[in-house]
Amino acid sequence: MKMKKLIFFTLIMMLFVSCQDELYDIPRDAGGKAILTDISSTATTGISTLDDQFSVTAYLPNAKSGDIMNVECLQLQVPAGATTTQLLPLPGTQKTATVGSDLKATITFTRTEAKLNKAGDYVVVTFGGETESAKQRVDMVPATTTTKPRVAGKDVDVARTDETAFFNVSVVPKIGTFTDTLTAKRKNGINDVLTDVPGSPFSGTQPFLVPISGNDFAPDKDTMYYVFMATSGSYTDIIEYSVVVRDPYFYLKKTGVTLNLGGSSAGRNLLRNAAVAEDNANATIAVSGSLILKGGSAWLAAGNSIEFVPATAALYSTNSTTASIAAFSAGTPSETADPIAGEGIFIFKIVNGPDPENVIYGMIKVTSVIPGVSVTFEYRIGNLYAHLAVIS
């Protein structure tokens, strides 16, 4: 019985090895040993909405120089008699490419051949030969992109102020450099007529800085619709963007700030949210001798100032710079603030220079006090776009 099992197992193994040799042509060296090679890979130039063509290069380590690869594009199509799309060969895209001495083969298709008409369209390019194959998906992408409105490199929600933020718009085809102009249009309401944005068309150094201001919005209209259009030759790329304006607000909020009486964290640089000593030149707020909030000694001595006016939790939650500044002006400013007085919420006004942007408003909300030890608070700061260059 054991001999029969051994014979049966041997026959099975011989059959398995025989099948393997028939199914797979394994590359071997002169001595008959299997050659282990890399796997195929691909790279593509890609294609944007402003490009006329794209190329795909396949690295084919199991091919040899001079081999002919059959290449074609596959695209989602609905076959005859079916109702769902499938990736099928695209008529008119069948080509051949020759493998070079570097074991690479490159093919180029025009957007017309590949039927790529708009951003989001794609094809899958396949390479097939006797000993090797590869594939690469190629997506058509927008050449034009934009950021949100920005100031000092930071995204902002546009507020109803006379300050100006800028869209950073870039036009970057996959092939070549964009040298034409960008047209920017806008309308303040879905049913309004598009008009040119001041400065349009834009040219020169990218990104193109397209302005937007809270003053651009009518009092009864909160949404502005933008259209950015770039043209290169016979191709046009259009992207749309909408902005909802909001009432002026404090731009940054910081939480978990603790001033410890004495030591290296008795002060805080509110502009950078950095712990400093009470006598540090950047201690815009500090405690010394008691937990009463005030400006740091060295910072005050340099001619700077910070003043406080008590406020309410409702005002803090509203986060309105208009209402907060009005409340400060209507109150009685003090150079100090008792963290356990009232609701523990204060509007502050920092003056650290002669220019309008050196006047910075904010609000403090005390969250905990350990008598004789520390005071912890959160705060809002920054009421002008210009402040975004100095606060973080």
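Here, the structure is the one placed above.
The rules behind these values
Residues numbered from 1 in each chain as written. Predicted model: local features only at pLDDT ≥ 70, side-chain atom pairs only at ≥ 80, totals over all residues. Heavy atoms only, no water. Phe/Tyr/Trp six-rings, centres within 6.5 Å; stacked < 30°, edge-to-face > 60°. Buried < 20%, exposed > 50% of the residue type's maximum accessible area, 1.4 Å probe, protein only. Helix = DSSP H or I, 4+ residues; strand = E, 2+ residues; numbered from the N terminus. Lys NZ or Arg CZ within 6 Å of the ring centre and 35° of its normal. Core = buried A, V, L, I, M, F, W, Y, C linked by side-chain atoms within 4.5 Å. Contact = heavy atoms within 4.5 Å. Pairing = 2+ DSSP bridges. Axes fitted to C-alpha atoms, helices over the stretch in contact; angles between N-to-C directions. Polar contact = N/O pair within 3.5 Å; in protein donor to acceptor, adjacent residues only side chain to side chain. Salt bridge = Lys/Arg side-chain N within 4 Å of Asp/Glu carboxyl O. Arc of directions from axis to C-beta.

Peer 1: Any chance you could explain the packing of aromatic side chains here in plain terms?
Peer 2: The description of two aromatic rings rests on the distance between their centres and on the angle between their planes. With the rule as written, the count across this model stands at nine aromatic pairs. Ring centres of Tyr226 and Phe228 lie 6.0 Å apart, and the angle between their planes is 25°; this geometry places the pair in the stacked category. On the basis of relative accessibility, which here comes to 0%, the residue Phe228 falls in the buried class. Measuring from centroid to centroid gives 5.7 Å for Tyr251 and Tyr385, while their planes differ by 35°, and the two rings are tilted. Pair noted here: Tyr251 is in the loop between strand 18 (235-244) and strand 19 (252-260) and Tyr385 is in the segment after strand 26 (374-381), with a separation of 134 residues, a long-range link. Here Tyr251 and Tyr385 have matching classes, each one buried. Ring pairing ties together the aromatic residues Phe167, Tyr226, Phe228 and Tyr241, which thus form one cluster. Positioned above the aromatic ring of Tyr122, the side-chain terminus of Arg137 is 3.6 Å from the ring centre. Its guanidinium or amino end placed over the ring of Tyr316, Arg380 lies 4.6 Å from that ring's centre, counting from NZ or CZ.

Peer 1: Looking at this structure, I do not really get the nonpolar core. What am I missing?
Peer 2: As a rule of thumb, nonpolar side chains are buried together in soluble globular proteins. Counting residues in each nonpolar core, the largest one holds 56 residues, and the members touching the most others are Leu182, Val210, Phe228, Leu270, Phe308, Phe377 and Ile381. Look past the residues within four positions of Phe377 in its chain and what remains in contact with it is Thr255, Gly256, Val257, Leu259, Leu270, Ile285, Ile364, Lys365, Val366 and Thr367. The next biggest cluster of nonpolar side chains, apart from the first, holds 23 residues, and it includes Ile47, Ala105, Phe109 and Val125.

Peer 1: Which parts of the structure should I look at to understand the sheet that holds strand 24 (residues 345-351)?
Peer 2: Strand pairing in a sheet takes place through backbone hydrogen bonds and is either antiparallel or parallel in direction. Spatial ordering of the open sheet is given by 19-26-25-24-23, a layout of five strands whose pairing is antiparallel. Each having just a single partner strand, strand 19 and strand 23 (305-310) make up the two edges of the open sheet. Averaged over neighbouring strand pairs, the angle between their axes works out to 30° when direction is ignored. Bridge analysis of strand 25 (residues 359-370) against strand 26 gives eight bridges, and the strand direction is antiparallel. Bridge pairing in strand 26 places Lys365 opposite Glu378. Relative to the sheet, helix 4 (residues 321-330) contacts strand 23, strand 24 and strand 25, its axis offset from that of strand 24 by approximately 85°.

Peer 1: Hey, could you run me through the side chain of Thr147 in this one?
Peer 2: Structurally, the position occupied by Thr147 is in the loop between strand 10 (144-146) and strand 11 (150-151). Within the structure, Thr147 has its side chain in polar contact with the backbone nitrogen of Asn168 (distance 3.1 Å). Contact partners of Thr147, with chain neighbours within four places excluded, come to Phe166, Phe167, Asn168 and Tyr241.

Peer 1: Honestly, the pattern of salt bridges in this entry has me stumped. Any pointers?
Peer 2: Between side chains of opposite charge, pairing is possible as soon as their charged atoms come close. According to the stated counting rule, one finds twelve salt bridges in the structure shown. For Lys64, the salt bridge is made with Asp67, and the minimal N-O distance between the two is 3.3 Å. In this structure, Asp155 engages Arg150 in a salt bridge whose closest nitrogen and oxygen atoms are separated by 2.8 Å. Residue Arg150 is classed as partly exposed on the basis of its relative accessible area of 29%. What emerges from the salt-bridge pattern is a single network uniting Lys148, Asp157 and Arg246.

Peer 1: I keep staring at the pairing of strand 24 and nothing clicks. Help me out?
Peer 2: Regular strands place side chains that alternate from one sheet face to the opposite one. Counting buried positions over the seven residues of strand 24 gives five, a clear majority of the element. Bridge count between strand 23 and strand 24: six bridges; the pairing is antiparallel. When the sheet's bridge partners are listed, Pro310 is paired in strand 24 with Phe346. Pairing geometry for strand 24 and strand 25, over seven bridges, is antiparallel. Across the sheet, residue Ile345 finds its bridge partner in strand 25, namely Lys365.

Peer 1: Sorry, what's going on with helix 4 here?
Peer 2: Listing the buried residues of helix 4 in full gives Thr321, Ser324 and Phe328. For helix 4, the buried positions fall inside an angular range of 65° around the axis, keeping them on one side. For helix 4, the exposed residues lying more than 90 degrees away from the buried face are Ser329 and Ala330. Each element contacted by the buried residues of helix 4 is listed here: strand 23, helix 3 (313-318), strand 24 and strand 25. Structurally, the start of helix 4 carries an N-cap: the backbone nitrogen of Thr322 is 3.4 Å from a side-chain oxygen of Ser320.

Peer 1: Got a minute to help me understand the side chain of Thr144 in this structure?
Peer 2: Within the secondary structure, Thr144 is located in strand 10. On the basis of relative accessibility, which here comes to 2%, the residue Thr144 falls in the buried class. If we ignore the near neighbours within four places in the chain, the residues touching Thr144 are Val169, Ser170, Val171, Leu182, Ala230, Asp237 and Ile239.

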